[in-house]
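Residues per chain are reported as follows:
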Amino acid sequence: MLYSKPLYYLNNSISVTGPTGSAGGGGIGNSLQGPTGPTGHTGYTGRTGPTGHTGYTGSIGYTGPTGSSATSQWILSGNNIYFNLGNVGIGTINPQYTLDVNGGIYATSFNSSSDYRIKKNIISLNETNYTIDKLRPVTYINEQTDKQDIGIIAHELQEQYPFLVNGIKDGNNLQSVNYLGIIGILIKEIQELKKDVKYLKTNNL
């Protein structure tokens, strides 16, 4: 449906109303905007929140190169261990023997090699003049253990049986005695005493 513009009759004449004009611009006020006020105080810091979950453990790094192997003079052989490069010292840094112990040794038994296969030039003591007559048994306080002991003086024994003593008197190293060697002389002396006692008893002397 078409609409027509309104018609107005004036003095028997027809007039047409023109279009509405555009709106006028806004007027400018007389007042200006004031300055911005000062910033307020910072508020209190809030409470710390709960700690978060621990993150996943990172992957293990690469294994470093293997270091050089240490050397040892001890050698393993099955369940045994042995040492064949020099002397071993316990309580001493200057061992003079295969096993040199500065201190006491405890064992439930002690065996010394005595097989005939390691001996030569065997002579019965009955055919010798070995005797204990010139040996001087003594008792003394051992200054290393601070205990009383019984024995003989190394250099005195050396004057009679030098092969039973190691070292020299007043040397750099202490002298030592092979007491096992004296046992043979004692056995020989006891045997001779028994013979004498038997003879005396047999002859009522």
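Quantities reported herein were computed from a predicted structural model and do not represent experimental measurements.

Novice: So what's going on with the packing of aromatic side chains? Residues and values would help.
Specialist: By the definition in use, this model includes four aromatic pairs. Both rings, one in Trp74 and one in Phe83, keep their centres 4.9 Å apart while their planes meet at 50°; by these two values the pair is tilted. A residue is classified by how much of its surface remains accessible, and Trp74, at 44% relative accessible area, is partly exposed. An aromatic cluster is defined as three or more aromatic residues linked by ring pairs; in this entry it consists of Tyr130, Tyr161 and Phe163.

Novice: Could you give an account of the layout of surface pockets, with specific residues and numbers?
Specialist: Considering only enclosed or pocket space, the largest pocket measures out at about 1,600 Å³ in volume. Only strand S6 (99–101), strand S7 (138–142), helix H1 (154–160) and strand S10 (176–177) provide two or more residues apiece to the lining of the largest pocket. For the lining of the largest pocket, the class distribution of residues is 13 nonpolar, 14 polar and five charged. Taken as a whole, the second largest pocket encloses approximately 630 Å³ of empty space. Ser114, Lys119, Leu180, Gly181 and Gly184 are, among the 17 residues lining the second largest pocket, the residues nearest its centre. Split into classes, the residues belonging to the lining of the second largest pocket amount to eight nonpolar, seven polar and two charged.

Novice: Go over the pattern of salt bridges with me, naming the residues and quoting the values.
Specialist: Counted under the stated rule, the structure contains three salt bridges. Among the salt bridges present, the one from Asp115 reaches Arg117, with a minimum N-O distance of 2.9 Å. Among the salt bridges present, the one from Glu156 reaches Arg136, with a minimum N-O distance of 2.6 Å. With Glu156 in helix H1 and Arg136 in the loop between S6 and S7, the pair connects residues that are 20 residues apart, well separated along the chain. A relative accessible area of 46% means that Arg136 is categorised as partly exposed.

Novice: Describe in detail the nonpolar core, supporting the description with residues and values.
Specialist: If you look at the biggest cluster of nonpolar residues, it comprises nine residues: Leu135, Ile152, Ala154, Leu157, Tyr161, Leu164, Val165, Ile182 and Ile185. Within the residue set of this core, elements represented by two or more residues are H1 and helix H2 (179–202).

Novice: So, the pairing of strand S4 (residues 80–83): which residues are in play, and what are the values?
Specialist: As paired elements, strand S3 (residues 74–77) and S4 share four bridges and run antiparallel to each other. Each bridged residue has a counterpart across the sheet, and for Ile75 the counterpart in S4 is Tyr82. Counting the residues that bridge the hairpin from S3 to S4 gives two residues, and of these Gly78 lies at a positive phi of roughly 65°.

Novice: A description of the environment of Trp74 should follow, citing residues and the corresponding values.
Specialist: Relative to the assigned elements, Trp74 resides in strand S3. Sequence separation between Trp74 and Asn84 is ten residues, and the spatial gap between their C-alpha atoms is 7.8 Å. Sequence-distant contacts of Trp74, defined by excluding residues within four places in its chain, comprise Ile81, Tyr82, Phe83 and Val88.

So, how was this worked out
Residues numbered from 1 in each chain as written. Predicted model: local features only at pLDDT ≥ 70, side-chain atom pairs only at ≥ 80, totals over all residues. Heavy atoms only, no water. Phe/Tyr/Trp six-rings, centres within 6.5 Å; stacked < 30°, edge-to-face > 60°. Buried < 20%, exposed > 50% of the residue type's maximum accessible area, 1.4 Å probe, protein only. 1 Å grid on protein atoms, 1.4 Å probe; cavity = no way out; pocket = protein on both sides within 12 Å on 5 of 7 lines; lining within 4 Å. Points joined across faces, edges and corners; volume = space filled by probe spheres on them. Helix = DSSP H or I, 4+ residues; strand = E, 2+ residues; numbered from the N terminus. Nonpolar A, V, L, I, M, F, W, Y, C, P; charged D, E, K, R; others polar. Salt bridge = Lys/Arg side-chain N within 4 Å of Asp/Glu carboxyl O. Core = buried A, V, L, I, M, F, W, Y, C linked by side-chain atoms within 4.5 Å. Pairing = 2+ DSSP bridges. Contact = heavy atoms within 4.5 Å.

So far we have only geometry, and geometry alone does not tell us how the molecule works.
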